[in-house]
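Notes for the structure review
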Amino acid sequence: MKILTLDPQGFMVNNEFIVKELAISNGTQIYHSIFKPKTDFSMLSMKDKRTVEYLENNHHGIKYNDGFVDYKELDDIIEKISIDIDIVYVSGHQKYDFLSRLLEGKHTKVVNVENQGLSQLKLNRDYPQCMAHKDNFQMCSLVNCKRIWKWNVDVNDVDYFAKEDSIDLKAKSYLENYGYLKKSNNSDQEITEYSVYSDGITKFQEFFNLKPTGHLNNETLNLMKQRRCGVTDFAQNFVIMDKWLKKKLVWKFVRGNMDDELMTTSEFNVWQKNSDLSFHKNETHNDILIKYSSINHTFHKSCGGPGKCTFNFDGPGIVLAHAYFPQDDTCREIHLDSSEK
Ligand SMILES: [Zn+2]
Ligand SMILES: [Zn+2]
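Residues numbered from 1 in each chain as written. Chains lettered and ligands numbered in written order. Predicted model: local features only at pLDDT ≥ 70, side-chain atom pairs only at ≥ 80, totals over all residues.

Operational definition: UniProt positions are given in the numbering used here, feature names are shortened, and annotations may be inferred rather than shown by experiment.
The Cofactor (unreviewed entry) field of the UniProt record for the protein chain holds the comment "Zn(2+)".

1. Observations concerning the overall build of the protein chain
Formally: Runs of E in the DSSP output that reach at least two residues are strands. Runs of H or I that reach at least four are helices, and both are numbered from the N terminus. It is over C-alpha atoms that the radius of gyration is taken, and the globule rule equals 2.2 Å times the number of residues to the power 0.38. In this scheme every C-beta is placed from the backbone, and a residue whose C-beta has 20 or more other C-beta atoms within 10 Å is buried, one with 12 or fewer is exposed, and one in between is partly exposed. Note on contacts: each residue gets a C-beta atom placed from the backbone, and two residues are in contact if those atoms are within 7 Å.
In terms of regular secondary structure, the protein chain is built from 10 helices and 11 strands. The C-alpha atoms of the protein chain give a radius of gyration of 26 Å, which is well past the 20 Å a tight globule of 341 residues would have. Across its three principal axes, the protein chain shows a C-alpha extent of roughly 80 × 50 × 35 Å. The buried share of the protein chain, taken over its 341 residues, is 26%. Look at the contacts in the protein chain between residues 6 or more apart in sequence, and 59% of them connect residues 24 or more apart.

2. Observations regarding the sheet that holds strand β5 (residues 109-112)
The criterion, for reference: Criterion used throughout: strands pair if DSSP finds at least two bridges between them. Every axis corresponds to a line fitted to the C-alpha atoms, with the helix fit spanning only the stretch in contact, and the corresponding angles, defined between N-to-C directions, vary from 0 to 180 degrees.
Ordered by their spatial adjacency, 5 strands build an open sheet running β3-β2-β1-β4-β5, and the pairing between neighbours is mixed. Of all the strands in the sheet, the pair left with one neighbour each is β3 (30-34) and β5. Strand after strand, the sheet turns through a mean of 35° between neighbouring axes, direction not considered. Of the pairings in the sheet, the one linking strand β1 (residues 3-13) to strand β4 (residues 87-90) comprises 3 bridges and is parallel in character. For Leu-4, the partnering residue across the bridge sits in β4 and is Val-88.

3. Some details on the environment of Ser-302
Here Ser-302 is to be found in the loop between β9 (288-293) and β10 (319-323). Judged by local crowding, Ser-302 falls into the partly exposed class, with 13 C-beta atoms found within 10 Å. Considering only alpha carbons, one finds Ser-302 and Ile-83, 219 residues apart in sequence, at a separation of 57 Å.

4. Remarks on the pairing of β4
Examined bridge by bridge, β4 and β5 share 4 bridges and lie parallel to one another. Looking at the pairing, Tyr-89 lines up with Val-111 of β5.

5. Section: the sheet that holds strand β6 (residues 228-229)
Taken in spatial order, the 6 strands line up as β6-β10-β11-β9-β7-β8 in an open sheet, and their pairing is mixed. The open sheet terminates on both sides in strands that have one partner only, identified here as β6 and β8 (278-281). Relative to β8, strand β7 (residues 248-253) runs parallel, the two sharing 4 bridges. Bridge pairing in β8 places Lys-248 opposite Ser-278. Along the sheet face, helix α10 (residues 258-273) touches β7, β8 and β9 and points at about 160° away from the line of β8.

6. Some remarks on unusual backbone geometry
With omega at -5°, the peptide bond leading from Gly-305 into Pro-306 counts as cis. Phi at Asn-14 takes a positive value of approximately 55°, unusual for a residue other than glycine. For Asn-14, the position within the fold is in the loop between β1 and β2 (16-25). Although it is not a glycine, Asp-328 sits at a positive phi angle of roughly 50°. By secondary structure assignment, the location of Asp-328 is in the loop between β10 and β11 (332-337). Since 8 C-beta atoms lie within 10 Å of it, Asp-328 is described here as exposed.

So, in C-alpha cells, the structure goes:
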C-alpha cells in the first residue's frame with residue numbers, strides 16, 4: 001500500500017481554495033513549494049481581500065504575492081506525485097474537497113484524517129516550520145504534513161518494524177533484549193521454534209495485561225513501539241544485584257544544561273526521600289556519572305572508561321536510556337540516548 005500525506009495552506013478566494021504553500025510526504029521524501037498567486041490581488045472582491053489579509057496576519061502568515069512556482073503547474077505536480085499512490089491523507093474537509101476534485105476519476109483515494117481520529121491540526125512545535133511564514137509560530141504545510149505522517153505511523157500498519165527486517169525478527173530480538181525470550185546463541189534467527197517464540201509473546205502480553213494470545217497482534221506491536229528503558233523487565237535482577245555500600249552518593253551530569261541539572265536533581269530527591277541514600281551534585285569526584293551517548297558509545301574517562309559500552313542505542317524512539325548497577329562503590333554510569341529529542 002503506497003501512502004502520501006499532503007497539506008496545503010492557502011486562501012479562500014471566490015469560494016475556491018487557492019494553494020499558497022504545499023507539502024507532500026511519502027515518509028522518507030518531502031515535496032515542498034510556495035506557489036505564485038493564481039489571480040492578481042487587485043482583482044479580488046473587498047470581502048476576499050479582507051480574508052486574505054486576515055490569513056496573512058493570523059493564520060499561516062504567508063503573503064498573497066509570495067511564491068516561486070507558477071500556479072498553473074499545481075495540478076500537474078499533484079497528479080505526477082500521486083501516480084501509483086493508493087491513499088493520500090489530508091486534514092480537514094476543505095482540503096479533502098480540494099484534493100478529491102483534483103484526483104477525481106483516479107485510482108488514488110483521498111482520506112480526511114479528521115474522520116479517522118486525528119483531531120484538527122493545531123499549531124505544533126514538534127517539527128521546525130519553513131521559512132515562508134511571517135512569524136515564528138504559524139500554520140506551516142511542512143509541519144502539518146509531518147504531523148499527519150506521524151499519526152499514520154502510529155495508527156496504521158506503516159511502522160518501523162516493517163521498514164527493516166520482518167516484523168517477527170524485530171519482535172523476537174525485542175523479546176530477547178527485555179527478558180521474555182532466552183537469547184539464542186545461534187545467529188540464524190529461523191532456528192527458534194515458533195512455540196518458544198509464541199511463549200515469549202504470551203509472557204510479554206501477560207506482563208503488560210494484554211490478552212495473552214501468543215500472537216503478534218497490533219495491540220502487542222504497538223506496545224513494543226513505545227519508548228522504554230533499556231534494562232530487562234524482569235525485576236528480580238534488581239534485588240540480587242550488588243548495592244552501594246556507602247549511603248552518601250555524589251553525581252555529575254557531563255555537559256548537562258540547566259534543564260538536565262534541574263531534572264536530575266529533582267529525580268534524585270524523589271529517590272532520596274524514599275530510601276536511606278542521599279545524593280549530592282559534585283563536578284569533580286563522582287559515584288554516578290550521567291551523560292548523553294550516541295548509538296555506539298564509550299564509557300567516560302573519569303568514570304567507567306576507557307572502553308566501549310556493551311549496549312548500543314537504537315536511534316530515535318524505543319530505548320531512551322540505560323544504567324549500570326552499583327559494584328564495589330566504583331563510579332557507575334547512566335547513558336541517555338542522544339538521538340531522543
Ligand atoms: Zn511552511
Ligand atoms: Zn551505554
